[in-house]
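So you can see what is in the structure, the chains are spelled out below.
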Amino acid sequence: MKFTGQVYKFGADIDTDAIIPARYLNTTDPAELAQHCMEDADPTFPARVKTGDIIVADKNFGCGSSREHAPIAIKGAGVACVIATSFARIFYRNSINIGLPILECDQAYQAINEGDQVEVDLESGQITSLITGDTWQAVPFPGFMQEIMAQGGLINYVRHKTDK
Amino acid sequence: MGMTISQKILAYHAGKKHVEAGELVNCRVDVVLGNDITSPVAIEEFARLGTGEVFDRDRIVLVPDHFAPNKDIKSAEQAKVVRSFARQYGIKNYFEVGQMGIEHCLLPEQGLALPGDLIIGADSHTCTYGALGAFATGVGSTDMAAAMATGEAWFKIPESLKFIYYGQLPRWVGGKDLILHTIGDIGVDGARYMSMEFTGEVIQNLSMDNRLTMANMAIEAGGKNGIIEPDDITLAYVKERAQRSYNLYKSDPDAVYAEIREYDVSKMEPVVAFPHLPENTRPVSEAAGVNIDQVVIGSCTNGRVEDLEIAASLLKGKKVHPEIRVIIFPGTQQIYLEAMRRGYVEAFIEAGAAVSTPTCGPCLGGHMGILAKGERALATTNRNFVGRMGHPESEVYLSSPAVAAASAITGKITPPWEIA
């Protein structure tokens, strides 16, 4: 899977309350959650983000709560991929499970600027700036995790497996 | 090469004699937990799986505690989804308002979390049960859905960090201060993906309520789980609650740790975490004088009998500062009843505090004590992120019940020894 998109950049320790504040957790609707995506980190984000955009962030992205509503809000907002120096464990797991592509790459975080156009190859883990042509290598996911993401999440993956 | 207690529990549930850090394993789980926020998503995903049945109706625990008693119509609809699911599938351990408590206070109390268990919960503070010598970790709703159907989940075997606490624990210093100090030391991602094993003479002498507080906040250092080896204190706690058998594990003497840290607690003060991360810790004497608008005592971190006992000991016969609100949340109905029997509730109300039915409520900015723009709370809860208790421009400071109760009287952050 390859994506090209415009970058929105965030700092370190972006917690799940910043990604989707608890005051909006009385719904499970992805479109409704997307309207408040990243609101407490950047109130202008939900209005600016477009389908195919890419979030780039520093360490420990998605720390805090186990709410799957966090990656659901990001995916619902149309974000194609999140690249971070590192991810908090539950967010990492949830992203794979719902089929939100994520990659860990500190060099990419350091080099990429807000607004840059970036290409991501999920299979190889290669990230390319379409501004400078620079490339960075993230560690690609193990095969079964890539397959889960490609199927759009764990439930589809399990159903697909049991159908065979 | 030896294994840590966490690795042993995972190995057992994977049907293996030995596991190594980094290995991916598929495990049978003993308990699958969800609440009123995470379960509705899991129930949708469970329906999409189409298995039509749960793996074991006695091993799924559903606790509507976050926005319950229902705070608004949408929350009521979500709670209804959980209730209907519980009825449809005959889920034994569904706790309706009236029996409901804050999930991580409730499960240990009810004997539903036991030593040696492998527990996953769609709530990040599921790590609390590590205090009983269980491997317990938070997951998302999809993992909960898959586990409700299959009774299984996949895990990467974690490395472990060992923390050794030694010395004489000073008066007013407890589990909350030990864990805040530890998070302040290693940072909010200091234990990312790893097990946190709490050991040493201080832990061996620590009460179960204080141990639960420590394990509860392992996630605040990014930990996969927090764990304490079971001992006589554990057995005294579980023996009258357990309705099934359980296993006691200990780390091997030659277990390998990613790192070992030692803390001399003898000169430690109560700790306060400043906004907006739990790692921003300072000794209470350096926090003294910060003005507050609200005090919250309770939550899955500090809503147990000993927490209320220490708060009552400070508030009894005193008055809450006239310019602040104090809200106290016993963690479960049993804790509430015990606090009534012991006269704590009377002491709180006479002091001018509000006492609430159990709920996660204000801890996550849900209801029952939301902050306005510019307001500041001191809370015994676990997170002080931006907007955590209300308006994005409000602030939360974290402390023990002792510091919170002392500060409730003065209206500013206050060391407990200045009140007692």
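See the structure above.
Calculation rules
Residues numbered from 1 in each chain as written. Chains lettered and ligands numbered in written order. Predicted model: local features only at pLDDT ≥ 70, side-chain atom pairs only at ≥ 80, totals over all residues. Helix = DSSP H or I, 4+ residues; strand = E, 2+ residues; numbered from the N terminus. Rg over C-alpha atoms; globule rule 2.2 N^0.38 Å. Buried ≥ 20, exposed ≤ 12 C-beta atoms within 10 Å, placed from the backbone. Pairing = 2+ DSSP bridges. Axes fitted to C-alpha atoms, helices over the stretch in contact; angles between N-to-C directions. Arc of directions from axis to C-beta. Contact = placed C-beta atoms within 7 Å.

**A look at the overall build of chain A**
- When helices and strands are tallied, chain A shows 8 helices and 7 strands.
- At 15 Å, chain A has a C-alpha radius of gyration in line with the 15 Å of a compact globule built from 164 residues.
- Projecting the C-alpha coordinates of chain A onto the three principal axes gives extents of approximately 45 × 40 × 25 Å.
- Within chain A, buried positions represent 54% of all 164 residues.

**So, the sheet that holds strand E2 (residues 54–57) of chain A**
Residues and elements named next belong to chain A.
- Pairing within the open sheet is mixed, and its 7 strands lie in the order E4-E3-E2-E1-E5-E6-E7. In this open sheet, the two edge strands, each paired with only one partner strand, are strand E4 (102–104) and strand E7 (135–137). In this sheet, adjacent strand axes meet at a mean angle of 30° when their direction is disregarded.

**Some points on unusual backbone geometry**
- Omega for the bond connecting Ala-68 of chain B with Pro-69 of chain B falls within 30 degrees of zero, at -10°, which places this linkage in the cis form.
- Within the secondary structure, Pro-69 of chain B is located in the loop between strand E3 (60–63) and helix H3 (73–89).
- Phi angles above zero are rare outside glycine, and Asp-13 of chain A is one such case at about 55°.
- Tracing the sequence through the fold places Asp-13 of chain A in the loop between strand E1 (2–10) and helix H1 (16–19).

**A short note on helix H14 (residues 344–351) of chain B**
All names here are of chain B.
- Residues of H14 that are buried: Tyr-344, Val-345, Ala-347, Phe-348 and Ala-351. End-on, the buried residues of H14 take up no more than an arc of 160°, which puts them together on one face.
- Packing partners of the buried residues in H14 comprise helix H12 (305–315), strand E15 (325–328), helix H13 (333–341) and strand E16 (354–355).
- Downstream of H14 by one or two residues, Gly-352 has phi in the positive range, about 100°.

**Considerations on the sheet that holds strand E11 (residues 259–264) of chain B**
Residue and element names in this part refer to chain B.
- Overall, parallel pairing links the 4 strands, which are arranged E10-E9-E8-E11 in an open sheet. Since the sheet does not close on itself, it has two edges, and those belong to strand E10 (225–227) and E11, each with one partner. Going from strand to strand, the sheet's axes swing by 20° on average, the running direction of each strand aside.
- Note: strand E9 (residues 195–199) against E10, 3 bridges, orientation parallel. Looking at E10, one finds that Met-196 is bridged to Gly-226.

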